[in-house]
Amino acid sequence: MATRFGQLDSRALSKLEKDAMENNKSSFALAYFTDKTEQERKRGVTIQTTLVKMETKKFAINFLDCPGHADYIKNATNGCKQSDLSIVVVPARFEASCSTEGTLKTHLTLAGILGSKNFIVCINKLDEVEIKNENSLETAFEAACEAVYKFLKRLGVKREAVIFLPISALKGHGAVLCGRVDYGIIKKGDVVKILPVGITSDVKSIEAHKQSIPEAPAGTNIGFVLNLKGDKTVMDKIKTGSLVGPSNDTNFNLQPFYIASCKFVCRDSGILVVCGNITDKITATEAKEKYDLDVAVVSGDKEAIKKSKAKK
Ligand SMILES: Nc1nc2c(ncn2[C@@H]2O[C@H](COP(=O)(O)OP(=O)(O)OP(=O)(O)O)[C@@H](O)[C@H]2O)c(=O)[nH]1
Ligand SMILES: [Mg+2]
């Protein structure tokens, strides 16, 4: 959120990474954004409630990061009593948090009693859930949602007042790309290349109409997960309008290829399907001026672009 709202640019993030590394706490770099005191940073625990202001065109949001540790519930109360909406982060392996020793119930009760009418429940650390079969992530997510909602229901919170989000805050859980297969067949396990960035990855899973499918022929609208290991720098390079095709076809001009626009787990999606056979050159400027594409499309079939724009 802080990155999106312009509060944390790459320079500031590098500084946090450096500070966290110096304390042997490199996995806490992002937490250092709101954990600012020496004690918090050395221990890797939020102690105080920290305010960060974020603004959109329409809203000014006061974002309060509250501590989760049992010793600092008093400090969390200060944050809870000022909140209209609570974002609750629960690990996908939720058992400890939901047990009588865990603090989740206390936090939800505080938030509910002290002012929050609405909740966003983020089920986090999905990367830690062992993938035993294709549905296991979904099953883990749903089980965690159910466990959390049990508490909220007792507080009289309606189901419609809760948004449940699957997240993997540290690394992301692979990139999910969406688009329409225009040519050929895309199969689970295929090694594909994304243009223009030239990133190669294998296809971990394919979904159509919320069902996992082993392959998708031309004409299918699909979402497919790439095995990018949540590498943010790589994922940020994949933009709306990217092309996805077989990795062994260096130009994508001989073989059939797939087209895709991009979205990521837990990010807003800007979906736009672009391009067709690459038979003609088109520059990024031309793409912007003629077709209003924000990507550095290096080459593409102008007719196909026109067609896909018309389809939107
Ligand atoms: N594997 C994994 N670890 C994560 C994820 N998100 C956070 N962590 C790790 O969990 C640890 C705690 O992260 P924090 O951001 O401090 O968690 P918090 O909820 O703010 O904790 P407190 O405020 O101290 O209660 C750090 O080591 C993070 O790197 C995730 O998605 N996956
Ligand atoms: Mg914290």
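Remember, predicted model here, so these are calculated numbers, not experimental data.

What about the nonpolar core?
Within soluble globular proteins, side chains that are nonpolar tend to cluster in buried spots.
Then, number 1: By size, the foremost hydrophobic cluster in this structure holds 29 residues, and its most contacted members are Phe119, Val121, Ile123, Val148 and Leu152.
Then, number 2: For this core, the elements supplying multiple residues, two or more each, are α3 (73-80), β3 (85-91), α5 (104-114), β4 (118-124), α6 (136-154) and β5 (162-166).
Then, number 3: Among all residues touching valine 121, those that are not within four sequence positions of it are Val88, Val90, Val148, Leu152, Val162, Ile163, Phe164 and Leu165.

Brief notes about the confidence of the model for the chain
Then, number 1: Looking at the chain as a whole, its pLDDT mean stands at 77, while 72% of the residues score no less than 70.
Then, number 2: Looking across the chain, the model is least confident in strand β15 (residues 261-264), with a mean pLDDT of 40, and most confident in helix α2 (residues 38-43), with 96.
Then, number 3: In this model, residues 253-257 is a region of pLDDT below 50 whose contacts with residues beyond four sequence positions or in other chains number 17 contacts.

A short note on helix α1 (residues 10-22)
Along an α-helix, a turn takes 3.6 residues, which lines up residues three or four apart on a common side.
Then, number 1: Helix length check: α1, at 13 residues, gives a terminal C-alpha distance of 18 Å against a target of 18 Å (1.5 Å per residue), a fit within 8%.
Then, number 2: Of all the residues in α1, the buried ones are Leu16, Asp19 and Ala20. Down the axis of α1, the buried set is contained in an arc of 95 degrees. They therefore lie on one face. Among the exposed residues of α1, those pointing more than 90 degrees away from its buried face are Ser10, Arg11, Met21 and Glu22.
Then, number 3: Contacts made by the buried residues of α1 are with α2.
Then, number 4: Asparagine 24 occupies a position one or two residues after α1 and carries a positive phi of about 55 degrees.

Thoughts on the site of ligand 1
Then, number 1: Taken together, the neighbourhood of ligand 1 is formed by 14 residues, with Ser27, Thr46, Asn124, Asp127 and Ala169 sitting nearest.
Then, number 2: At 3.0 Å, a side-chain N or O of asparagine 124 approaches an oxygen atom of ligand 1.
Then, number 3: Here alanine 169 contributes a backbone N or O atom positioned 2.9 Å from an oxygen atom of ligand 1.
Then, number 4: The fraction of the free accessible surface of ligand 1 (650 Å²) that becomes covered by protein chains is 72%.
Then, number 5: Taken together, the residues of the shell around ligand 1 sort by class into five nonpolar, six polar and three charged.

What to know about the pattern of salt bridges
Then, number 1: Using the criterion set out here, one finds four salt bridges in the structure.
Then, number 2: In this structure, the salt-bridge partner of lysine 18 is glutamate 22, at a minimum N-O distance of 3.7 Å. Separated by four residues within a single helix, lysine 18 and glutamate 22 lie in helix α1, roughly one turn from each other.
Then, number 3: Here glutamate 38 ties to lysine 42 by a salt bridge, and the two come within 2.8 Å at their closest N and O atoms. With glutamate 38 and lysine 42 both in helix α2 and four residues apart, the pair spans about one turn of that helix.

Re the environment of leucine 114
Then, number 1: Within the secondary structure, leucine 114 sits in helix α5.
Then, number 2: Not counting chain neighbours up to four residues away, the residues in contact with leucine 114 comprise Thr77, Cys80 and Lys81.

A short note on the sheet that holds β3
Remark on secondary structure: sheet strands pair via backbone hydrogen bonds, oriented parallel or antiparallel.
Then, number 1: On the basis of which strands lie adjacent, the open sheet formed by three strands has the order β3-β4-β5 and parallel pairing. Each edge of the open sheet is held by one strand with a lone partner, namely β3 and β5. Each neighbouring strand pair of the sheet contributes to a mean axis angle of 20 degrees, computed without reference to strand direction.
Then, number 2: In this sheet, β5 lies alongside β4 in parallel orientation, the contact comprising five bridges. Across the sheet, the residue bridging to isoleucine 123 is proline 166, located in β5.
Then, number 3: The sheet contacts of α5 involve β3 and β4, and relative to β3 the element is tilted by about 170 degrees.

Criteria and cut-off values
- Residues numbered from 1 in each chain as written.
- Chains lettered and ligands numbered in written order.
- Predicted model: local features only at pLDDT ≥ 70, side-chain atom pairs only at ≥ 80, totals over all residues.
- Heavy atoms only, no water.
- Core = buried A, V, L, I, M, F, W, Y, C linked by side-chain atoms within 4.5 Å.
- Buried < 20%, exposed > 50% of the residue type's maximum accessible area, 1.4 Å probe, protein only.
- Helix = DSSP H or I, 4+ residues; strand = E, 2+ residues; numbered from the N terminus.
- Contact = heavy atoms within 4.5 Å.
- pLDDT = per-residue confidence, 0-100.
- Expected span 1.5 Å × (residues − 1).
- Arc of directions from axis to C-beta.
- Near = heavy atom within 4 Å.
- Polar contact = N/O pair within 3.5 Å; in protein donor to acceptor, adjacent residues only side chain to side chain.
- Areas by Shrake-Rupley, 256 points an atom, 1.4 Å probe, with all protein chains shown as cover.
- Nonpolar A, V, L, I, M, F, W, Y, C, P; charged D, E, K, R; others polar.
- Salt bridge = Lys/Arg side-chain N within 4 Å of Asp/Glu carboxyl O.
- Pairing = 2+ DSSP bridges.
- Axes fitted to C-alpha atoms, helices over the stretch in contact; angles between N-to-C directions.

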